[in-house]
Amino acid sequence: MENAQLMRLFLSTPLVFAQEPALLPDNLENYTGTDELLFCFQLDQAQSRAFEPQRENLLASLLFAGRKSKGGDADSAENTVSMPAGTYLFVQRRQALSKAQWLDAAVEQQKDGLWERHKPEARLYVRYLFEDASPVTQLFRPVKEE
C-alpha cells in the first residue's frame, strides 16, 4: 500500500452513528458507499505505543460498529455510538481497504505519529464512506493534548 500522508486533525463535533452490533470490519474491500460505516477498536496497550508494533497483536477488541444511512439521522436512532470531538492522527485512502490493508496503514500511522512525538491513545477508529464518486477509508487515532 502506498503511504498516505499523516495529518493531525481536530474534529470539532462528534461523528454519531446508529449502533450496528452485527456489522464486522472484514471483507469491506468491495464497499459500495451505500451507508457510512464506523468501527472502533481497543488496541493492545503494549503494542499501541511501540515503534515497531506486532501487526497481528495490535488490535485487542472491537468495541463497537456503527452505520449511518445516506440522508438518515443517526442522532435519532435508539442506540447510537460516536467518535468524540478531539484531536486525531488521521490518514485516508481513496479506496475501500481490506482489513489487512487498513491494519498495515494503522501500523504506519502509529510509527509516523510516534516519530513526530505525538502520544497516540490505545484506540483506533476506521471509517468507510463514499466521497467524490469513490469509496474512502479513513483511520483516526486519538492523541493526548500536550
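Attention here is on the structure that accompanies the text. Only a predicted model underlies this, so the values are computations on that prediction, with no experimental measurement involved.

What counts, and at which threshold
Residues numbered from 1 in each chain as written. Predicted model: local features only at pLDDT ≥ 70, side-chain atom pairs only at ≥ 80, totals over all residues. Heavy atoms only, no water. Helix = DSSP H or I, 4+ residues; strand = E, 2+ residues; numbered from the N terminus. Buried < 20%, exposed > 50% of the residue type's maximum accessible area, 1.4 Å probe, protein only. Core = buried A, V, L, I, M, F, W, Y, C linked by side-chain atoms within 4.5 Å. Contact = heavy atoms within 4.5 Å. Phe/Tyr/Trp six-rings, centres within 6.5 Å; stacked < 30°, edge-to-face > 60°. Pairing = 2+ DSSP bridges. Axes fitted to C-alpha atoms, helices over the stretch in contact; angles between N-to-C directions. Salt bridge = Lys/Arg side-chain N within 4 Å of Asp/Glu carboxyl O.

## What about unusual backbone geometry?
Phase 1 of the analysis: The phi dihedral of Asn-27 is positive, around 55°, even though this residue is not glycine.
Phase 2 of the analysis: Looking at the element boundaries, Asn-27 is found in the loop between strand E2 (15-19) and strand E3 (35-43).
Phase 3 of the analysis: Asn-27 sits in the exposed class, given a relative accessible area of 62%.
Phase 4 of the analysis: Despite not being glycine, Ala-133 has its phi angle at roughly 65°, a positive value.
Phase 5 of the analysis: Assignment of secondary structure puts Ala-133 in the loop between strand E7 (123-131) and strand E8 (134-142).

## Describing the nonpolar core
Phase 1 of the analysis: The biggest cluster of nonpolar side chains holds 28 residues, and the ones touching the most others in it are Phe-39, Phe-41, Trp-102, Leu-124, Val-126, Tyr-128 and Leu-139.
Phase 2 of the analysis: For this core, the secondary structure elements donating two or more residues are E3, strand E4 (59-69), strand E6 (86-93), helix H1 (99-115), E7 and E8.
Phase 3 of the analysis: With five residues, H1 is the single largest residue contributor to this core.
Phase 4 of the analysis: Contact partners of Leu-124, with chain neighbours within four places excluded, come to Phe-39, Cys-40, Phe-41, Leu-43, Leu-59, Trp-102, Ala-106, Gln-109, Leu-139 and Phe-140.
Phase 5 of the analysis: With 12 residues, the next largest nonpolar core counts Leu-38, Phe-64, Tyr-88 and Phe-90 among its residues.

## Concerning the environment of Phe-39
Phase 1 of the analysis: Tracing the sequence through the fold places Phe-39 in strand E3.
Phase 2 of the analysis: Taking the C-alpha atoms as reference, Phe-39 lies 5.6 Å from Tyr-125; in sequence the two are 86 residues apart.
Phase 3 of the analysis: Setting aside residues no more than four positions away along its own chain, Phe-39 makes contact with Leu-23, Leu-24, Pro-25, Leu-28, Leu-62, Phe-64, Ala-65, Leu-124, Tyr-125, Val-126 and Tyr-128.

## Here we look at the packing of aromatic side chains
Phase 1 of the analysis: This structure, assessed with the given rule, holds seven aromatic pairs.
Phase 2 of the analysis: Judged by centre distance (5.3 Å) and plane angle (45°), the rings of Phe-41 and Trp-102 are tilted. Of this pair, Phe-41 sits in strand E3 while Trp-102 sits in helix H1; the two residues are 61 residues apart in sequence, bridging distant segments of the chain.
Phase 3 of the analysis: Among the residues examined, Trp-102 registers a relative accessible area of 0% and is labelled buried.
Phase 4 of the analysis: Look at Tyr-88 and Tyr-125: their rings are 6.1 Å apart centre to centre, the planes differ by 80°, and that puts the pair in the edge-to-face class. In this pair, Tyr-88 sits in strand E6 while Tyr-125 sits in strand E7, placing the two residues 37 residues apart along the sequence. Each member of the pair, Tyr-88 together with Tyr-125, is buried.

## A closer look at the sheet that holds strand E1 (residues 7-11)
Backbone hydrogen bonds hold the strands of a sheet together, and the pairing may be parallel or antiparallel.
Phase 1 of the analysis: Pairing in this open sheet of eight strands is antiparallel, and the strands run E1-E6-E8-E7-E3-E4-E2-E5 from one edge to the other. The open sheet has two edge strands, E1 and strand E5 (80-83), and neither has a second partner. Strand after strand, the sheet turns through a mean of 35° between neighbouring axes, direction not considered.
Phase 2 of the analysis: Sheet strands touched by H1: E3, E4, E6, E7 and E8. Its angle to E8, the strand with the most contacts, is close to 40°.

## Observations concerning the pattern of salt bridges
Phase 1 of the analysis: The full count for this structure, using the stated rule, is nine salt bridges.
Phase 2 of the analysis: The salt bridge partner of Arg-67 is Glu-20, with a shortest N-O separation of 3.5 Å. Here Arg-67, found in strand E4, pairs with Glu-20, found in the loop between E2 and E3; they are 47 residues apart in sequence, far enough to count as distant.

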